[in-house]
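# Structural characterization, general
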Amino acid sequence: MRHLLSTGDLDRDEATLILDTATELAQVGDRSVKKLPTLRGRTVVNLFYEDSTRTRTSFELAAKRLSADVINFSAKGSSVSKGESLKDTALTLQAMGADGVVIRHSASGAAHRLANWVDGSVLNAGDGTHEHPTQALLDAFTMRARLGRLEGLRVAVVGDILHSRVARSNVLLLTTLGAHVTLVAPPTLLPVSVHTWPCEVSYDLDRVLPETDVVMMLRVQAERMRDSFFPSVREYSRNYGLDGERLGRMPAEAIVMHPGPMVRGMEISAEVADSPRCTVTEQVANGVSLRMAVLYLLLGGS
Ligand code: NCD
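Because the structure is predicted, anything quoted here is derived from the model rather than measured.

Looking only at helices and strands, the protein features 11 helices and 9 strands. The C-alpha radius of gyration computed for the protein amounts to 19 Å, which stays within 12% of the reference 19 Å derived for 302 residues, consistent with globular compactness. Expressed along its principal axes, the backbone C-alpha trace of the protein runs to roughly 55 × 45 × 35 Å. A burial count over the protein gives 55% of its 302 residues as buried. A separation threshold of at least 6 residues defines the contact pool for the protein, and within that pool the share at least 24 residues apart is 76%. Accessible area of the protein: about 13,300 Å², with a carbon and sulfur share of 49%. Of note, the protein has its 33 positive side-chain charges centred 5 Å away from the centre of its 35 negative side-chain charges.

Right, let's get into the packing of aromatic side chains. In this description, an aromatic ring pair is defined by two values, namely the gap between the centres and the angle between the planes. Under the definition given, this model contains 3 aromatic pairs. The interplanar angle of 55° and the centroid separation of 6.5 Å between the aromatic rings of Tyr49 and Phe73 together place this pair among those described as tilted. Residue Tyr49 is located in the loop between β1 (43–48) and α2 (54–65), and its partner Phe73 is located in strand β2 (residues 69–74); the two are separated by 24 residues in the primary sequence. We note that Tyr49, like Phe73, is buried. Note on Tyr236 and Tyr240: the rings are 5.9 Å apart at their centroids and 35° apart in plane angle, and the pair reads as tilted. You can see Tyr236 and its partner Tyr240 sitting in helix α8 (residues 233–240), 4 residues apart, about one turn around the helix. Each member of the aromatic cluster is reached from another via a ring pair, and the members are Phe230, Tyr236 and Tyr240. Over the face of the ring belonging to Phe59 we find Arg291, whose NZ or CZ atom lies 5.0 Å from the ring centre.

Here we come to the pairing of strand β5 (residues 154–158). Two faces belong to every sheet, and in a regular strand the side chains alternate between them. Of all 5 residues making up β5, 4 are buried, and the element is well covered by its neighbours. In terms of strand pairing, β5 meets strand β6 (residues 180–184) through 5 bridges, oriented parallel. Paired with Ala156 across the bridge in β6 is Thr182. Handedness of the crossover joining β5 and β6 through helix α6 (residues 165–176) is recorded here as right-handed. Where β5 lies against strand β8 (residues 214–217), 4 bridges are found, and the strand directions are parallel. The partner of Val158 across the bridge, within β8, is Met217.

Here we come to the sheet that holds β5. Strand order across the open sheet formed by 5 strands is β7-β6-β5-β8-β9, with parallel pairing between neighbours. If you trace the sheet from one side to the other, it starts and ends with β7 (200–202) and β9 (255–257), each paired once. If you compare each strand with its neighbour and ignore which way they point, the axes differ by 25° on average.

Reading the values: rules and limits
Residues numbered from 1 in each chain as written. Predicted model: local features only at pLDDT ≥ 70, side-chain atom pairs only at ≥ 80, totals over all residues. Heavy atoms only, no water. Helix = DSSP H or I, 4+ residues; strand = E, 2+ residues; numbered from the N terminus. Rg over C-alpha atoms; globule rule 2.2 N^0.38 Å. Buried < 20%, exposed > 50% of the residue type's maximum accessible area, 1.4 Å probe, protein only. Contact = heavy atoms within 4.5 Å. Areas by Shrake-Rupley, 256 points an atom, 1.4 Å probe, with all protein chains shown as cover. Lys, Arg positive; Asp, Glu negative; His and termini not counted. Charge placed at Lys NZ, Arg CZ, Asp CG, Glu CD. Phe/Tyr/Trp six-rings, centres within 6.5 Å; stacked < 30°, edge-to-face > 60°. Lys NZ or Arg CZ within 6 Å of the ring centre and 35° of its normal. Pairing = 2+ DSSP bridges. Right-handed = clockwise from strand over helix to strand, strands pointing away. Axes fitted to C-alpha atoms, helices over the stretch in contact; angles between N-to-C directions.

Laid out in structure tokens, this is it:
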């Protein structure tokens, strides 16, 4: 494995190796000196063309915990705002000897293009509405840590599937790992090709919840919408928002996940967001270990 572009590229053994490596590396975070010398002398470039809180800092921390040198490059304040293309930016980073490039871009397919232009490893940190593989991996890691298994697990992914790169990466990864996924959304927020995805589809959240071990709530990605996809915020949250009452209809051990950023009062109520059954901060903590594992496996070889 040279790049991490899509979870669809991972077979069961490769995905499991990443999760197991993350479990081992998580122990580094519990030490007083949270650092390993593994990637000393290697350079990781964080190339972020879109806003990010969690993913960028998580990749930075992960690379630093493995002793890599990290360069943070954001489109704002760089020559991108002077009109430089992705290709020329990539060739510049290449000339500086980047061993790994972590890229987030608003165009679906940007990470794949970049992989053709640079010699180092490319890690997709979110490309448009396409994929976000490390998010899906940290989600699977969190499910396994909380519930002890992935095989046979019933996972519902709820909300704006149409604009979500998290949904596609999760469906591909979770089915590879033996879980069953149901997408729940209004018809307007499902991609037209959804019948080709390896999962079930439902428009009825209340029907799905009692038979679900994990519910993953997604943000409505208003910044990617040029049309109106539902009548009002109130109606959306009445039909597809998770509140305490709905949570009460889930099995007692079921958990609530969210990739962040949450919009409280829209897809998730404050009560649910703050409940011990919601894993949102665990997902963030696990994200660092998971990204350490991916960097280690991609860049750690001699
Ligand atoms: C997601 C993203 O950017 O795709 N966030 C994340 O990386 N944790 C989801 C979102 O923006 O709603």
